[in-house]
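Below, each chain spelled out in residue letters.
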Amino acid sequence: MSIKDRLQKLRQGLAEKKIEAIFISQPENRRYLSSFDGSSGYLLITPQNTILATDFRYIEQAKIQAPDYEIFPAIGGIVDWFPQLVAELNLTKLGFEAGHVTFARYQQLSDILNKAPSQLRLIPVDGLVESLRAVKEPEEIELITKAVEISDAAIEYIENTVHIGMSEKEVAWEIEKFIRERGSETIPFDFIVASGPNSALPHTKPSSRTIQSGEPVVIDIGARVGGYSSDLTRTICLGTPDDTFPKVYDTALRAQLTAMATITEGMSGGQIDNLARKVIEQVGYGQAFGHALGHGIGLASHESPRLGPNSADKVTSGMVFTIEPGIYLVGWGGVRIEDAVVMENGKVRAISKAKKMGA
Ligand code: ZN
Ligand code: ZN
């Protein structure tokens, strides 16, 4: 699908909300709608115009990456150029990204418009571009698959490299090097390598703690290709697992496999979360699964849809998301198993292939 097709869908969505135009400031939304990946810039999309405002550092890059756009040189602060940007467009309602624009920026833009002669008013819009982004095109799935292949290879590499006595930081750095050497553009999020009791903290940072025999080690990593992220977690155990490990691990794995086998198109994020949560609750670990089951991946490593308790997001064909149940026991440690899947032909297909203990 081309940028033109994405813009057409966006305009349709705006028309349904009776909003003439939208001001895009969220970086991934901007990239999705324009292909421009500079670190500063805004889009203004009306029924007739597609304008990309950026400063002198990015003008040439914008011309090349976003040929569907008219490039507007943003000179000075937003107070200086925003009035000019909207001056001749004859708009009355301009949507802005309520989930991204700060209150201070909103006030600033409102002040500018109040002083201008036009009747232009700002209208909050939430999740419109995000909902388009949630459904992936085949080219996007291809890029995600490439990122997934890199993280799969990294897990295989680290499982062969890691040994008792290595620190979490050393392991994280080994993975980071591997992923970059394999062609990942960047590290899409801070990797998690958490051993023993540290692994009971779902989002802890790698420390200098050394890995001991028999304890869980949670490794949560990703890669980025063409802007698209992967997100993969494996829990491993070096030496002979203690008595708790198999019970916790098997429960998390069963929860994940149950969800993956029973998700059907059209289910809500809440229903999907419950498929896995029930399995964990039946074993008595319900309280130990304190986060959502999964999230979309794409240009952002966390995006729509959200699969968690009470999420009404409907899962439809082309969506790519993670399934990552976790069980965290304070003082002992945790187990999380995460794979990326794509919804197709009414069911989910796992994209990640990294092997799992016991599966
Ligand atoms: Zn993850
Ligand atoms: Zn994740």
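Preceding this section is the structure that the text describes.
These remarks concern the structure in this document. All residue numbers here refer to positions counted from 1 along the written sequence of the relevant chain. Naming scheme: in the order in which they are written, chains are lettered from A and ligands are numbered from 1. Where local features are concerned, this predicted model is filtered to residues with pLDDT of at least 70; where side-chain atom pairs are given and counted, the filter is 80 or more; whole-chain, interface and lining totals use all residues. Note: side-chain values were computed over all heavy atoms of the structure, leaving out hydrogens and water.

### Brief notes about the coordination of the zinc ion (ligand 1)
Between any two of four tetrahedral donors, the ideal angle at the metal is 109.5 degrees; between two of six octahedral donors, it is 90 or 180 degrees.
Then, number 1: Note on donors: an N, O or S atom is included if it sits within 2.8 Å of the metal, or within 3.2 Å for Na, K and Ca, and water is never included, so sites can look incomplete. Within the first shell, the zinc ion (ligand 1) binds the protein through Asp220 (OD), Asp220 (OD), Asp231 (OD) and Glu338 (OE), at distances of 2.0 to 2.5 Å.
Then, number 2: Irregular is the label for any site that misses the other tests, which are tetrahedral for four donors with all angles between 85 and 135 degrees, and square planar for four donors or octahedral for six when opposite donors exceed 155 degrees and the remaining angles lie between 65 and 115. Geometry at the zinc ion (ligand 1) is irregular, judged from its four donor atoms and the angles of 56 to 148° they form at the metal.
Then, number 3: Between the zinc ion (ligand 1) and the zinc ion (ligand 2), a separation of 3.1 Å is found, and both are coordinated by aspartate 231. One end of the pair, aspartate 220, is in strand β8 (residues 216-221); the other, aspartate 231, is in the loop between β10 (228-229) and β11 (232-237), with eleven residues separating them in the sequence. Considered together, aspartate 220 and aspartate 231 belong to a single accessibility category, that of buried residues. For helices the rule is a DSSP run of H or I covering at least 4 residues; for strands it is a run of E covering at least 2, with both sets numbered from the N terminus onward. Relative accessible area decides the class of each residue, using a 1.4 Å probe on protein chains only: under 20% of the type maximum gives buried, over 50% gives exposed, and in between gives partly exposed.

### Describing the coordination of the zinc ion (ligand 2)
Then, number 1: Listed as protein donors to the zinc ion (ligand 2) are Asp231 (OD), His295 (NE2), Glu324 (OE) and Glu338 (OE); their distances from the metal cover 2.0 to 2.1 Å.
Then, number 2: Coordination geometry of the zinc ion (ligand 2): the four donor atoms subtend angles of 77 to 156° at the metal centre, consistent with an arrangement described as irregular.
Then, number 3: Along the chain, the residues donating to the zinc ion (ligand 2) are arranged with the sequence spacing D-x63-H-x28-E-x13-E.

### As for the sheet that holds β11
Then, number 1: DSSP-based pairing: two strands are paired if at least 2 bridges between them are found. Reading across the sheet, the three strands line up as β7-β8-β11 and stay open at both edges, with antiparallel pairing between neighbours. Strand pairing shows two members of the sheet lacking a second neighbour, β7 (192-195) and β11, which therefore form its edges. Direction aside, neighbouring strands of the sheet carry axes that sit 10° apart on average.
Then, number 2: In the sheet, β8 pairs with β11 via six bridges, with the strands oriented antiparallel. Residue pairing in the sheet places proline 216 in a bridge with cysteine 237 of β11.
Then, number 3: Helix α8 (residues 168-181) rests against β7 and β8 of the sheet, and its axis sits at about 150° to β7. In this analysis an axis means a line fitted to C-alpha atoms, helices contributing only their contacting stretch, and an angle means the value between N-to-C directions, from 0 to 180 degrees. In this description, contact between two residues means that some pair of their heavy atoms is separated by no more than 4.5 Å.

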